Structures are given as structure tokens and as C-alpha cells.
Amino acid sequence: MSQTQSTVNPFAEMQAGRPTGPLVQGYEVIIGFETHTQLTTASKIFSRASTAFGAEPNTQASAVDFALPGALPVMNKGAVQRAIEFGLAVNAHIAGHSVFARKNYFYPDLPKGYQISQFEIPVVQGGSVEFFVDGKPHSVRLVRAHLEEDAGKSLHEDFIGMSGIDLNRAGTPLLEIVTEPDMRSSAEAVAYAKELHKIVTWIGICDGNMQEGSFRCDANVSVRKPGGPLGTRREIKNLNSFKFMQQAIDFEVRWQIEQIEDGHAIQQATVLFDPDTGETRSMRTKEDAADYRYFPDPDLPPLVIGRDWVEKTRSEMSELPRVMAARFVADYGLPEYDAGQLTQSKATAAYFEAVAAASKQAKLASNWVMGELSRRLNGEEKSIEASTVSAAQLAALIGRIADGTISNNAARQVFDALWTGEGESADAIIEAKSLKQMSDTGELEKIIDDVLAANAKNVEEVRAGNAKAMNALVGQAMKATKGKANPAQVNELLKKKLG
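These figures come from a predicted structure and were not determined experimentally.

Any details on the sheet that holds strand β4 (residues 100–104)? Residues and values, ideally.
Spatially, three strands are ordered β5-β4-β16 in an open sheet, and the strand pairing comes out antiparallel. The sheet terminates laterally at β5 (114–118) and β16 (295–296), the two strands that pair on one side only. Direction of pairing for β4 relative to β5: antiparallel, over a ladder of five bridges. In the strand pairing of β5, K103 is matched with Q115.

So, in C-alpha cells, the structure goes:
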């Protein structure tokens, strides 16, 4: 359930100077996000029941989760700790005093008849998320991030003519992260969601498993004519894949524009995206804050966070991804794109740094980690932690490219052998497969002389200024050396002999 309509309305008029995005059929797209991030605590937010995923239905729900008479909630300190960490990661204000409220509504998977959440005073206030879209910097302002409990889950597919209720998820701690309506396209919205996903997994407050519901996004979408009043928004619920997120927003934008162009008014509503049809469909009319009859929870005292707790947390936090990316640009001379890709996860960043430090070849290390290594990992659906080529092995291989021992083509053969376990080290594989580049200049000159004698027509064309003919001669020389010659050296010798 959304709390976008609380103390600060993220669909209020935009701040002066906010950028206008690309128009769609003459309309400006306005997007805001609410993301439910499941926190990585071992127990629930107000009870000791386990949060482990995959247990048999209704085996991990306690009397507190049901709000049975006499069962009192007790705040999970670990959930608060994770909220503080997130607030620091996005440069937000951590409230020293915040309040829990009861959000009243009926749904079969909410046996209490209310959800414990935060309303007027959330624990995290403000902040921003920064990222790149097509190489251009973007920033999305956050309104708030508040702690709340999750509801249970209705099960429809296993029953005929009825639904089952699994309350294992009831009471699982969530941090709901609400943005201002700062996004102007589905591409920007997806880039924001990916960056947010990276932040919460990087700092370890969420496992980020979208298939299991650990990271669920709701997109508030509206359209308007440039300079006109804000349009009526519709909220697309529970987007649990970046691919479907983009498809859902794009469809919703087109649908709203068509409705407006046909003379129909947009009705505020909550909608669901059907990936099978690629369409959104209305789920219910949208509630406002007044519909939930919020009031302070009488069983929970205010949440008080001392500044010493906040500062201790700040001192213990690891380097954040955007800070690390900036360091990679400054220290290693990498392009911003490379730095961004290499800081998608802590494991990838650590692997790159280990390769760069050992090989002293940062750009080559970046190219190989983003290129050949990533291709292999993606092809076998492995994480970088499961790579069969260690950072030390890749660094040694890169060192042999840098010192001219092997060509790039030979290096790929060495990498393949390392990946499949044919050899323990790059040097051993290079020797076993005779992959060293030719170092005997006299032998190479003799081969080039033979190539020139056998390709008189190409020689004439080169002297006439035909660049393609030069490439043909290089190719013939490389073929004659079975790929062991250094292409740059071949080029140099050919130019010298051809005047």
C-alpha cells in the first residue's frame, strides 16, 4: 500500500528548473517510484518469527504477526540499523524521533485489519539517488524512506474457486522508499531502479532477489502537455523485473495518451501489469491517506535514534558504489562508463582492483573483466564469485599481453584454456600451446619478403595508396606466421619495405 499521499506529496508541482524529458506524441511523461525493500534481518520487524524464504505455508507466523489479544510488538533493532545505513548511503536526514502508525484496511492476507507503518514522521527524510543514462548524469530526489511490516500472500494458482493465504511473509521488515516525480522516461525510471537496487544490495540491507519479492517497485505514471498542470497518475503495482518495468511504463504512457486524445479523463487507480499481454489493467480505484484512518500505534513507543548511533554507523560503512566509481576514474584513468560497470557489485569491483593492482594495466583489466570474463559468466549464468579464472590468473595473462609475449588472439586462447581448467597458469599454457609472438626480427623479415614477392599486385596497390591492400598484406603475413607475429611490428616492417 502506498503512502505517497502523506505529509509530502511527490506529485506536487515540480521544482523550478527540473529538466523536461523527451516528449511522447507531444506529451511529457512524469514518473515517481515507491519501492518496497525487504530488509535482511533474520527475524521479523516486531516478532521473533523467521524471515527465511521458502518455508511451508503458515509455519513462520507468530501471535504477534496476527495481533492476537495480548501479543505486543517489539521493534527489531536490526531493521532500524538498516534504515540508518540506507539514509546515510543516499545523504538523507535520519530522524532522531519517528513514530509508528496503524494503517487500517481490510485484505484477506492481513488478518490484523491494519498494517504497522510510519506516516507523519518517517525515519529517513530526503536524500537523492544519482546515476547515468546514456552517459548523462541524472539525479532523483527522495521524499522519504519509512519502516513498515509486510502483509501475507494470497495464493490463487493452487486452488479452484478459492484462494489460500500464506502468512509467512506477514511482519517481514520493509523499508519503503518514495521518490519525487523526477523521472521523465521509462529508460530513466529503469536506470533509477537499477541504481537503487545496486545501493541496497551493496550496503547489504536487502538481498535484492526480485523473483522472491525482496525488491518490489510501484511506478506512479502520468502525462501532461508541456507547461500544463500535472496529469492524474495511475500506480503500476509490484513490478519485479527491470524488463517488465520498462514494458509496463511504456504501455501505460501510450494508454493514457490515447485516452486523453479520445476525450476521456484519466481516473486515479492502481493497476497491474500482465507480462503475457504486455498490458496494464485496473485493479482498484486509488485510495488516499484519509481512507486508511492512520493513527499512532498505541502498542509502540516513538522510535528514538541517538546521533552517536548514526555516527558510529557512518564510520563503519564501506565505500559506496558512486564514490568508488569516481575513484576508479581518478586513480585508474578509466572512462566513467567503465567505472560504472565495474561497480555494479562489490565482488566485481574487488575482482577488477585485484587484476589492475597485480597487472599494473588498469584499462586492459577493465576491458577483460567487462568483456571476455563477463561474456563467459553470463553464458554460464555464473556470478563473478564463481569464476573459474582467478584475478591472479587474469592479471598474469594481461601482463603477457602488455609485454608483447602474446597477441590478443592468443590471449583469448589462453583464457579459454584457463576457464576450462586445461592449465594452472597463463605461462604454462603459452608454452604448451606455443603461443608466444615471434621475437626474431630476422625471421619475420624473411617471411615478409616472401609475402611481398608472392603478392605483387597488392604491393602495387599499396604504393598507389590503397589502404585495403595493406591490410591484405598484413593478413597474409600473420597467416604465414600462424598468428604468432606482432601485428604492429608486421605493419611497421611492411611500411619500411614498401617505402
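Please set out the state of the cysteines residue by residue, giving values where relevant.
Inspection of every chain in the model, using the stated rule, returns zero disulfides. Here C206 is not cross-linked by a disulfide; its sulfur's nearest cysteine counterpart is in C217, at 10 Å. Look at C206 and you get buried, because its relative accessible area is 3%.

Just give me the short version of helix α14 (residues 456–463), but keep the residues and values in it.
Along α14, the residues classified as buried are N458, V459 and V462. Down the axis of α14, the buried side of the element spans an arc of 105°, and every buried residue falls inside it. Summarising the geometry of α14, the exposed residues directed more than 90 degrees from the buried face are K457 and E460. Those residues of α14 that are buried are in contact with α13 (441–454) and α15 (467–480). Backbone geometry just after α14 places G465 at a positive phi near 100°.

Help me get a handle on the nonpolar core, residues and values and all.
Grouped together as the largest cluster of nonpolar side chains are 104 residues, with contacts concentrated most on F33, F86, L147, Y192, I249 and L394. Ignoring any residue separated from it by four or fewer positions in sequence, one finds F33 in contact with I177, V178, T179, M183, A189, Y192, A193, C217, D218, A219, M245 and I249. With 19 residues, the next largest nonpolar core counts V451, L473, V490 and L493 among its residues.

Account for the packing of helix α6 (residues 321–332) against helix α8 (residues 346–359), naming residues and giving values.
Axis angle and axis distance: for two packed helices, these are the angle between their axes and the distance between the axes, and together they describe the pair. Where α6 meets α8, the closest approach of the two axes is 12 Å, and the angle between their N-to-C directions is 15°. On the basis of the axis angle, α6 is roughly parallel to α8. With respect to the hand of their crossing, α6 and α8 are arranged in left-handed fashion. Two secondary-structure elements touch here, α6 through M324, R327, F328 and Y332 and α8 through A349, F352, E353 and A356. Here the residues of the contact of α6 with α8 sort into six nonpolar, no polar and two charged.

Got a sec to walk through α6? Specific residues and values, please.
The end-to-end C-alpha separation of α6 is 15 Å, in line with the 16 Å expected for 12 residues at 1.5 Å each. If you check which residues of α6 are buried, you get P321, M324, A325 and F328. Down the axis of α6, the buried set is contained in an arc of 105°. They therefore lie on one face. Away from its buried face by more than 90 degrees, α6 exposes A330 and D331. In this structure, the buried residues of α6 make contact with α3 (186–202), α7 (336–342) and α8. Directly beyond the C-terminal end of α6, a positive phi value near 70° is found at G333.

Explain the pairing of β4 to me, and be specific about the residues and the numbers.
Of all the five residues making up β4, five are buried; the element is thus mostly covered by neighbouring parts of the structure. Of the two faces of β4, the one carrying F100, R102 and N104 and the one carrying A101 and K103 are both buried. With two bridges connecting them, β4 and β16 associate as antiparallel partners. Counterpart to R102 in the pairing with β16 is F295.

Help me get a handle on unusual backbone geometry, residues and values and all.
With a phi angle near 60°, K360 is a residue other than glycine that sits in the positive phi range. Within the fold, K360 resides in the loop between α8 and α9 (362–379). The exposure class of K360 is exposed, given its relative accessible area of 68%. For E381, which is not a glycine, the phi torsion comes out positive at approximately 55°. Looking at the element boundaries, E381 is found in the loop between α9 and α10 (391–402).

Analysis parameters
Residues numbered from 1 in each chain as written. Predicted model: local features only at pLDDT ≥ 70, side-chain atom pairs only at ≥ 80, totals over all residues. Heavy atoms only, no water. Pairing = 2+ DSSP bridges. Helix = DSSP H or I, 4+ residues; strand = E, 2+ residues; numbered from the N terminus. Disulfide = S-S within 2.5 Å. Buried < 20%, exposed > 50% of the residue type's maximum accessible area, 1.4 Å probe, protein only. Arc of directions from axis to C-beta. Contact = heavy atoms within 4.5 Å. Core = buried A, V, L, I, M, F, W, Y, C linked by side-chain atoms within 4.5 Å. Axes fitted to C-alpha atoms, helices over the stretch in contact; angles between N-to-C directions. Parallel < 35°, antiparallel > 145°, perpendicular 65-115°, else oblique. Left-handed = near helix turned anticlockwise from the far one by under 90°. Nonpolar A, V, L, I, M, F, W, Y, C, P; charged D, E, K, R; others polar. Expected span 1.5 Å × (residues − 1).

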